[in-house]
Amino acid sequence: MIEIKNLSMAYYEKPILKDINLKLDRGKIYGLFGRNGVGKTTLLKILSNQIVSYKGKISYEGEKITENRKSLEHICYVSSDDNLGYFQNYSLNNLLKNNAMLYVNFDLDYALKLLTEEFNINPYRKYKQLSKGNKVIFNLIVGLAANCDFTIFDEPSSGLDAINRTKFYKVFSEVFDNENKTAIIATHIIDEIEHYITDILILKKAEIVFNDTIENFEEKSFIITSDTESVPNLNIIGEESLGSMKIYYVYDEVSEDIKREFTTSGFKISKLDLQKFFIEMVEAKENKDEK
Ligand SMILES: Nc1ncnc2c1ncn2[C@@H]1O[C@H](COP(=O)(O)OP(=O)(O)OP(=O)(O)O)[C@@H](O)[C@H]1O
């Protein structure tokens, strides 16, 4: 487990993360969502020991990550950044061997199989000779083959074509169908990962404003539409008007019986998808809060 206690971080006095408390459990797949510039990459780099100047405590299996060599070997950060600096002159084959030295459980044969058979990339090419999308694929293959306890994918499908995105998620779901492995995926393409994640995290204004399982989300979220002015007494996270129709976005524990009562009183109930929920959480409520 990774445990984050009272994590705060600022760039030039601008708070990026404010007093975050979070537990990341084994066997889960977390979707981390938030608007551009909110601090997702900063948080993920802190979790993978690439940023160490912060306040608070982060522990991996009970030990502080900055003082724990195991955290380097078992937490893998996969970037969609295509700049490996000096290492871009290396062949893919040699880069994989380097990663095998860094991550104790790295499966070199599997990485080569993915590279050549699944994605059809020549392992003797240099990293710098690859297209942007293929550089991202290479980074993803490292994450998939590293066999880390915690793998962090920062915008994994950035720059990938539809076929490669589909291939990546197919391999991803095979690799992470494992109760000991945890993945954290930060992405803006919410509908693409909705079916793979077990938990939802939403970062807004430097805080985690939503942290719940996908099961709870599916049970508690719905849209209620009414053509009268009457407002249901529910936890409404956003609302819209469409002509004379009022649309309410709800996140609340409501039994099927109560939902049936709403329907007989003239309300219409429908499903709220995760992308719309996210928009309502970060935007609609933001505007309402500021009014
Ligand atoms: N090295 C840095 N120095 C100063 N400010 C930085 C630095 N890196 C990031 N920031 C700022 O920190 C904030 C959070 O950036 P971060 O990259 O974590 O956001 P993000 O949520 O990952 O964004 P995106 O979805 O656009 O990738 C932004 O305002 C960004 O400008």
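Residues numbered from 1 in each chain as written. Predicted model: local features only at pLDDT ≥ 70, side-chain atom pairs only at ≥ 80, totals over all residues. Heavy atoms only, no water.

With that out of the way, let us pick up the UniProt feature "domain: ABC transporter" (unreviewed entry) in the protein. Under the UniProt annotation, "domain: ABC transporter" (unreviewed entry) lies at residues 2-230. As annotated, residues 2-230 has a helix share of 33% and a strand share of 29%, and its two end C-alpha atoms lie 45 Å apart. (UniProt positions renumbered as here; feature names shortened; annotations may be inferred. Helix = DSSP H or I, 4+ residues; strand = E, 2+ residues; numbered from the N terminus.)

With that settled, the discussion passes to the sheet that holds strand β10 (residues 207-213). The sheet built from six strands is open, its strands ordered β6-β7-β8-β3-β9-β10 with mixed pairing. Looking at which strands have only one partner, the edges of the open sheet turn out to be β6 (75-78) and β10. On average, each strand axis in the sheet is inclined to that of its neighbour by 15°, with strand direction left out of account. Here strand β3 (residues 29-33) runs beside strand β9 (residues 199-204); their pairing, made up of four bridges, is parallel. (Pairing = 2+ DSSP bridges. Axes fitted to C-alpha atoms, helices over the stretch in contact; angles between N-to-C directions.)

Okay, unusual backbone geometry next. Of note in this structure, Asp19 is not a glycine but carries a positive phi near 50°. Taking relative accessible area as the criterion, Asp19 reaches 46% and is therefore assigned partly exposed. Although it is not a glycine, Ala206 adopts a positive phi angle of roughly 70°. Structurally, Ala206 can be placed in the loop between β9 and β10. (Buried < 20%, exposed > 50% of the residue type's maximum accessible area, 1.4 Å probe, protein only.)

As a further point, take the side chain of Thr187. Inspection of the secondary structure assignment puts Thr187 in the loop between β8 (182-186) and α7 (190-193). Only 2.9 Å separates the side chain of Thr187 from the backbone nitrogen of Ile189, close enough to count as a polar contact. Ignoring sequence-local partners within four residues, the contact set of Thr187 consists of Leu32, Phe33, Glu155 and Ile193. (Polar contact = N/O pair within 3.5 Å; in protein donor to acceptor, adjacent residues only side chain to side chain. Contact = heavy atoms within 4.5 Å.)

Among the nonpolar cores identified, the biggest contains 55 residues, and Phe153, Phe172 and Phe277 are the most heavily contacted of them. Ranked by residues supplied to this core, first place goes to helix α5 (residues 132-145) with eight residues. Taken together, domain 1 (2-205) and domain 2 (216-290) each give at least three residues to this core, which thus spans both. Look past the residues within four positions of Phe172 in its chain and what remains in contact with it is Ile29, Leu144, Phe153, Ala183, Ile185 and Tyr196. Ile2, Ile20, Leu24 and Leu32 belong to the second-largest nonpolar core, a separate cluster that totals 29 residues. (Core = buried A, V, L, I, M, F, W, Y, C linked by side-chain atoms within 4.5 Å. Domains from an automatic or database assignment.)

What follows concerns the domain arrangement of the protein. When its domains are assigned, the protein resolves into domain 1 (2-205) and domain 2 (216-290). Each of domain 1 and domain 2 was reduced to a C-alpha centroid, and the two centroids are 34 Å apart. With 11 residues of domain 1 at the contact, the number on the domain 2 side is 13 residues. Taken together, the links from domain 1 to domain 2 amount to zero salt bridges. Counting across the interface, domain 1 meets domain 2 through two residue pairs in polar contact (both at pLDDT 80 or more). Taken together, the elements giving at least two residues each to the side of domain 1 that touches domain 2 come down to α7 and β9. A total of three residues in the side of domain 1 that touches domain 2 trace back to one element, the largest contributor, which is β9. Of the residues belonging to the side of domain 1 that touches domain 2, the class tally is five nonpolar, one polar and five charged. (Salt bridge = Lys/Arg side-chain N within 4 Å of Asp/Glu carboxyl O. Nonpolar A, V, L, I, M, F, W, Y, C, P; charged D, E, K, R; others polar.)

Inspection of every chain in the model, using the stated rule, returns 20 aromatic pairs. Aromatic side chains Phe87 and Tyr90 sit 5.1 Å apart centroid to centroid with 65° between the ring planes, which places their arrangement in the edge-to-face category. Overall, Phe87 belongs to the partly exposed group, its relative accessible area being 38%. The exposure class assigned to Tyr90 is partly exposed, which follows from its relative accessible area of 26%. Pairwise contacts between aromatic rings join Phe153, Phe168, Tyr169, Phe172, Phe176 and Tyr196 into one cluster. Seen from the ring of Phe176, Lys181 lies directly overhead, with NZ or CZ sitting 5.9 Å from the centre. In this structure, Lys259 is placed above the aromatic ring of Phe222, and the distance from its NZ or CZ to the ring centre is 4.6 Å. (Phe/Tyr/Trp six-rings, centres within 6.5 Å; stacked < 30°, edge-to-face > 60°. Lys NZ or Arg CZ within 6 Å of the ring centre and 35° of its normal.)

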